[in-house]
Amino acid sequence: MNRPTDVRSSMQRRPIHSVPIEKAKDPSRSIARLLPYLKSYKRQIGWVIVFIVLYTLLGLIGPYLMGVAIDIFIAEKDVAGLLRTALWMLLVYLLSNGLNVWANWIMARVSQFALRDLRRDLFDHLQAQSMSFFDTHSAGGLMSRLTNDIDAINQAISQNITSLIASTLSMGGIVVAMFVLDPWLALGSLLVIPIMAWFTRFVAKYTRRGFRELQKDLGELNAIAEESISGQKVVKAFQRNENVVAAFRKQNEAVYAAGVYANSYALLLMPLTQVLGNIFVIVLATLGGWLALQGLASVGMIATFINYGQNFVSPLRQIANLYNSIQAALAGAERVFEVIDNPPEIQDAPAAISLNEIRGDVLFKNVDFSYIPGRPIIKNTTIEAKAGQTIALVGPTGAGKTTIINLLNRFYEIQGGSISIDGHDIRSVKKADLRKSLGIVLQDTFLFSDTIMENIRYGRLDATDEECIQAAEMADADHFIRQLPHGYQTNLSERAGNLSQGQRQLIAIARAILADPAILILDEATSSVDTRTEARIQKSLLRLMKGRTSFVIAHRLSTIRDADKVVVINQGEVVEQGTHQELLDRRGFYHHLYISQFKGKAI
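Residues numbered from 1 in each chain as written. Predicted model: local features only at pLDDT ≥ 70, side-chain atom pairs only at ≥ 80, totals over all residues. Heavy atoms only, no water.

1. Section: the packing of aromatic side chains
Within the structure shown, the criterion is met by eleven aromatic pairs. Each ring, one from Tyr41 and one from Phe113, has its centre 5.5 Å from the other, and the planes form 20°; the classification is stacked. One end of the pair, Tyr41, is in the loop between helix 1 (27–39) and helix 2 (42–74); the other, Phe113, is in helix 3 (residues 79–128), and 72 residues separate them in sequence. On the accessibility criterion, Tyr41 (10% relative accessible area) is buried. The exposure class of Phe113 is partly exposed, given its relative accessible area of 28%. On the basis of an interplanar angle of 85° and a centroid distance of 5.1 Å, the ring pair of Tyr371 and Tyr412 is categorised as edge-to-face. Here the residue Tyr371 occupies a position in the loop between strand 1 (362–369) and strand 2 (378–385), and Tyr412 occupies one in the loop between helix 11 (401–408) and strand 4 (416–421), the gap between them amounting to 41 residues. Comparing Tyr371 with Tyr412, the two get one shared label, buried. Here the aromatic residues Phe369, Tyr371 and Tyr412 are joined through ring pairs into a cluster of three or more. (Phe/Tyr/Trp six-rings, centres within 6.5 Å; stacked < 30°, edge-to-face > 60°. Helix = DSSP H or I, 4+ residues; strand = E, 2+ residues; numbered from the N terminus. Buried < 20%, exposed > 50% of the residue type's maximum accessible area, 1.4 Å probe, protein only.)

What follows is the structure in structure tokens.
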């Protein structure tokens, strides 16, 4: 099948410091998109906010009580009053920390619920995507969005959102308390806040860009790793271990450079906030000392302000520490919503009809299709199959045979003409009903990491064990399955690596038999089995094909001699149609293909 070549940009990527960094999207949009996932848990979040407000207010009371103790009880040497104040301070801080723990616990649960919903929506949307989407998106990159990006959002919401809210409220509360206690001292001490705000905004701009690029590079690194691990047999067979390692190292360097860039800006916040925090305390001590000498402020008031100043810097440092995870979460959210916002290319029409019992008449009428605009793969193709007929599609490799089958399944949308079943254009039929009526055995067999029984049952989920075994018997798979350690309950490894290619093909055929479709598609269904096994499978397939419309793709032309119609395809066009003998008698393209396969043998 002809497909666009997927050239990985990761193989050509230069270190991040030598290329322009992709401009980040509006972070407020990502936040707005995340909020609906939290709205379902408004009640729990309401309690979290209440607890945060309470423990923030309690945190403001502590420094005030300290000032009262200095100005009243210490000055008057009232030990009893000092002890009472100390006990109140202990109670305040214990209650504040208890509420903090409770708020974090609730928020952790809420975040897991919300991320469960987000992960579900992302996976559901991936399942709804058309095949063209997966042609242009690597499996590793999509896995990275489901894992790394979702985990980045999880870190920000479950562990940091309460700290961020509490820190913001604490800073605001401290500013209000300072102005209530002494407006002039508050004004003089808060001169550093605009500097902090400007620098935080400056760093956030570049940090967000860096983390977005980091997440992107991580996705491409995962893609390389996933492909190389899945294709280990090919890697070792062609001795390409060094090439794979080189490609991984190159992309790993890109991830390293992106991580250095993003974290370098993010880590600037911490030391700077420490410097600004120290300046804040120095300003408070200097200004407060001068006011005390002038008789305009008490020692207790100055102590309260210095305590507030230290408490103001503490949440500011927390916010600086949170920037790494927050920016990574925003970058991850952007990447997740990029996929969710991508509409499936193929969707049911608003008035899509259902297909219940179908006869199996199939008509391709003047069909045009291309994977890439301007590069046609199927050109003005017309093929008709009457109910119960067997149609063989033959032609050289890359002629477009498998593409025709993909179009019948509506994996891709045609650009011209029409494809109909029983007179219904497949674009007007519900996709689920269309594919339910089609049974397919692909050239590239895919089995899941489950038992053999469940892999066969994948053809019809409500099938009994007996029906699955019967399907395996028809596919001539029962004998080898029963010889396995656990028979039908044998668990398959990833991609069924513990079976031979021929055994995998037999199970795939059993799965199609179990589905009992009205239209059967066999794409080189016996290409991976030996001649003896192929002969036995052909008998089973002939029984299965009886009474069904069947499309058979086969390179071994001897297997399609009994087809009702042979359709010869070359470079995306139908060049000949007819029975096997009719096409041989014409001595045209099919005759040439046949002779080339059986040269030196009697025809």
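2. A short note on helix 19 (residues 589–597)
Within the span of helix 19, buried status applies to Tyr590, His591, Leu593 and Tyr594. The arc that holds the buried residues of helix 19, viewed along the axis, is 160°, so those residues lie on one side. Along its buried surface, helix 19 packs onto strand 3 (390–394), strand 9 (565–570), strand 10 (573–578) and helix 18 (580–586). (Arc of directions from axis to C-beta. Contact = heavy atoms within 4.5 Å.)

3. Some thoughts on the nonpolar core
Formed by 44 residues in total, the largest nonpolar core has its most connected members in Ile452, Ile456, Phe480, Ile481, Ile560, Val566 and Tyr590. If you tally residues by element for this core, the top one is helix 16 (residues 501–515), at eight residues. Every residue in contact with Ile456, bar those within four places of it in the chain, is listed here: Cys468, Ala472, Ile481, Tyr488, Ile507, Ala510, Arg511 and Leu514. (Core = buried A, V, L, I, M, F, W, Y, C linked by side-chain atoms within 4.5 Å.)

4. Describing helix 14 (residues 465–474)
Looking at helix 14, one finds that the buried residues are Cys468, Ala471 and Ala472. Projected down its long axis, helix 14 carries its buried residues within an arc of 100°, all on one side. For helix 14, the secondary structure elements touched by its buried residues are helix 13 (452–457), helix 15 (478–482) and helix 16. One or two positions beyond helix 14, positive phi appears at Asp476, with a value near 65°.

5. Let's talk about a nonpolar patch on the surface
Together, Ile49, Val53, Leu57, Ile165 and Leu169 make up an exposed nonpolar region whose accessible area comes to about 360 Å². If you list the elements that add at least two residues to the nonpolar patch, you get helix 2 and helix 5 (139–181). It is helix 2 that contributes the most residues to the nonpolar patch, three residues altogether. Structurally, the position occupied by Leu57 is in helix 2. (Patch = residues over 30% accessible without salt bridge, like charges linked within 9 Å, V, L, I, M, F, W, Y side chains within 5 Å. Areas by Shrake-Rupley, 256 points an atom, 1.4 Å probe, with all protein chains shown as cover. Salt bridge = Lys/Arg side-chain N within 4 Å of Asp/Glu carboxyl O.)

6. Here's the deal with the sheet that holds strand 7 (residues 519–523)
With mixed pairing, the six strands of this open sheet are ordered in space as 6-7-8-3-9-10. Each edge of the open sheet carries a strand with a single partner, namely strand 6 (438–441) and strand 10. Each neighbouring strand pair of the sheet contributes to a mean axis angle of 15°, computed without reference to strand direction. With four bridges joining them, strand 3 and strand 9 adopt parallel strand pairing. Each bridged residue has a counterpart across the sheet, and for Leu393 the counterpart in strand 9 is Val567. In the packing of helix 11 onto the sheet, the strands contacted are strand 3, strand 6, strand 7, strand 8 (549–553) and strand 9, and the crossing angle to strand 8 comes to about 150°. (Pairing = 2+ DSSP bridges. Axes fitted to C-alpha atoms, helices over the stretch in contact; angles between N-to-C directions.)

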